[in-house]
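# Reading the structure
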Amino acid sequence: RPARTRGGRSPRTAAPPAIAQILRMVDAVWSSGTSVAQGASLTPGKLQLRRGLVEIQSNSGATILLEGPAELDLLHASEAALYSGRAVIRISDPDSAFKLVTATAQLVDLGTEFGVEIEAGDKTVLQVYEGEVSSVNIQTAPHPYNPYQKVPESVRITLKTTEEEKTIEAGA
């Protein structure tokens, strides 16, 4: 039986706490079912941006610049999932971490700035602009001819400094 308050009414479920806020929007057009205004507080959930730019400040201190078309799922103040599109993540506090999950990778960022783009076939493209990404976990899938063997899926990591650029690819 559901809990009852005085007067026989069921208690209201508290709204989830805000984990981020929209700082700025430039030519932002949201998909149907998504309506967010500049300055709005955000709770966990999906944001579907058809076009434009949106700057989001998470309560953990991460700033997310989302470029549409894109789909981002805010999971916690320090974690999000990018399903499509482009995002640039900046962490100003070196003691904070932010985790970005894609279909093929889990990226943990420590006090830095990096960009992620989801290409066709759910390929994750990572570019580190400043600082370091502490880990890149490449997700695996069953081998097409041997289901007992795992193979990496399509992940390309590009590391850039002022003097050089290195690209590491795993998968097709």
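Our subject in this report is the structure included herewith.

Rules and cut-offs
- Residues numbered from 1 in each chain as written.
- Predicted model: local features only at pLDDT ≥ 70, side-chain atom pairs only at ≥ 80, totals over all residues.
- Heavy atoms only, no water.
- Helix = DSSP H or I, 4+ residues; strand = E, 2+ residues; numbered from the N terminus.
- Buried < 20%, exposed > 50% of the residue type's maximum accessible area, 1.4 Å probe, protein only.
- Contact = heavy atoms within 4.5 Å.
- Areas by Shrake-Rupley, 256 points an atom, 1.4 Å probe, with all protein chains shown as cover.
- Polar contact = N/O pair within 3.5 Å; in protein donor to acceptor, adjacent residues only side chain to side chain.
- 1 Å grid on protein atoms, 1.4 Å probe; cavity = no way out; pocket = protein on both sides within 12 Å on 5 of 7 lines; lining within 4 Å.
- Points joined across faces, edges and corners; volume = space filled by probe spheres on them.
- Nonpolar A, V, L, I, M, F, W, Y, C, P; charged D, E, K, R; others polar.
- Core = buried A, V, L, I, M, F, W, Y, C linked by side-chain atoms within 4.5 Å.
- Pairing = 2+ DSSP bridges.
- Lys, Arg positive; Asp, Glu negative; His and termini not counted.
- Salt bridge = Lys/Arg side-chain N within 4 Å of Asp/Glu carboxyl O.

## Points about the overall build of the chain
What the chain contains, in helices and strands, is 0 helices and 12 strands. Walking the chain from its N terminus toward its C terminus, one meets helices and strands in the order β-β-β-β-β-β-β-β-β-β-β-β. Going through the 172 residues of the chain one by one, you find that 35% of them count as buried. Pairs at least 24 residues apart make up 36% of the contacts formed inside the chain by residues separated by at least 6 positions. Total accessible area computed for the chain in this model is approximately 10300 Å², and 48% of it derives from carbon and sulfur atoms.

## A look at the side chain of Glu 55
Relative to the assigned elements, Glu 55 resides in strand β3 (residues 45-58). Judged by its relative accessible area of 17%, Glu 55 falls in the buried class. Engagement of the side chain of Glu 55 in a polar contact is seen with the side chain of Arg 24, the distance being 2.7 Å. Every residue in contact with Glu 55, bar those within four places of it in the chain, is listed here: Gln 21, Ile 22, Leu 23, Arg 24, Thr 63, Ile 64 and Leu 65.

## Description of the layout of surface pockets
Estimates place the volume of the largest pocket at around 170 Å³. Lining the largest pocket are Leu 53, Leu 65, Glu 67, Arg 86, Ala 87, Val 88, Gly 115, Val 116, Glu 117, Val 125, Gln 127 and Tyr 129. Listed by contribution, the elements that provide at least two residues to the lining of the largest pocket are β4 (62-76), β5 (79-91), β7 (105-119) and β8 (123-138). When its residues are assigned to classes, the lining of the largest pocket shows 7 nonpolar, 2 polar and 3 charged.

## Remarks on the nonpolar core
Within the largest apolar cluster, 31 residues are counted, with the highest numbers of intra-cluster contacts made by Ile 56, Leu 72 and Leu 74. Among residues more than four places away in sequence, those in contact with Ile 56 are Ala 20, Gln 21, Ile 22, Leu 42, Leu 47, Ala 62, Thr 63, Ile 64 and Leu 72.

## A short note on the pairing of β3
Pairing between strand β1 (residues 20-30) and β3: 8 bridges, direction antiparallel. Along β3, the bridge assignment pairs Met 25 with Val 54. Judged from the 10 bridges that link them, β3 and β4 form a sheet pairing that is antiparallel. Note that in β4 the partner of Gly 45 across the bridge is Leu 74. Where β3 folds back on β4, the antiparallel hairpin that results is connected by 3 residues, among which Gly 61 adopts a positive phi of roughly 105°.

## Notes on the side chain of Asp 73
With respect to the helices, strands and loops of the structure, Asp 73 is situated in strand β4. For Asp 73, which is buried and forms no salt bridge, the nearest opposite charge comes from Lys 46, at a distance of 5.3 Å. A polar atom in the side chain of Asp 73 sits 3.2 Å from the side chain of Tyr 83. What Asp 73 contacts, discounting residues up to four positions off in sequence, is Gly 45, Lys 46, Ala 80, Ala 81 and Tyr 83.

## Description of the pairing of β4
Across 11 bridges, the pairing between β4 and β5 is antiparallel. Residue pairing for β5: His 76 is matched across the bridge by Glu 79. Two successive antiparallel strands, β4 and β5, enclose a turn made up of 2 residues.

## A few points about the environment of Ala 77
When you line up the elements, Ala 77 lands in the loop between β4 and β5. Exposure remark for Ala 77: the relative accessible area of 19% places this residue in the buried category. Considered as a pair, Ala 77 and Ile 19 are 58 residues apart in the sequence and their alpha carbons are 4.8 Å apart. The contacts of Ala 77, once residues within four sequence positions are left out, are Ile 19, Ser 58, Asn 59, Ser 60 and Phe 98.

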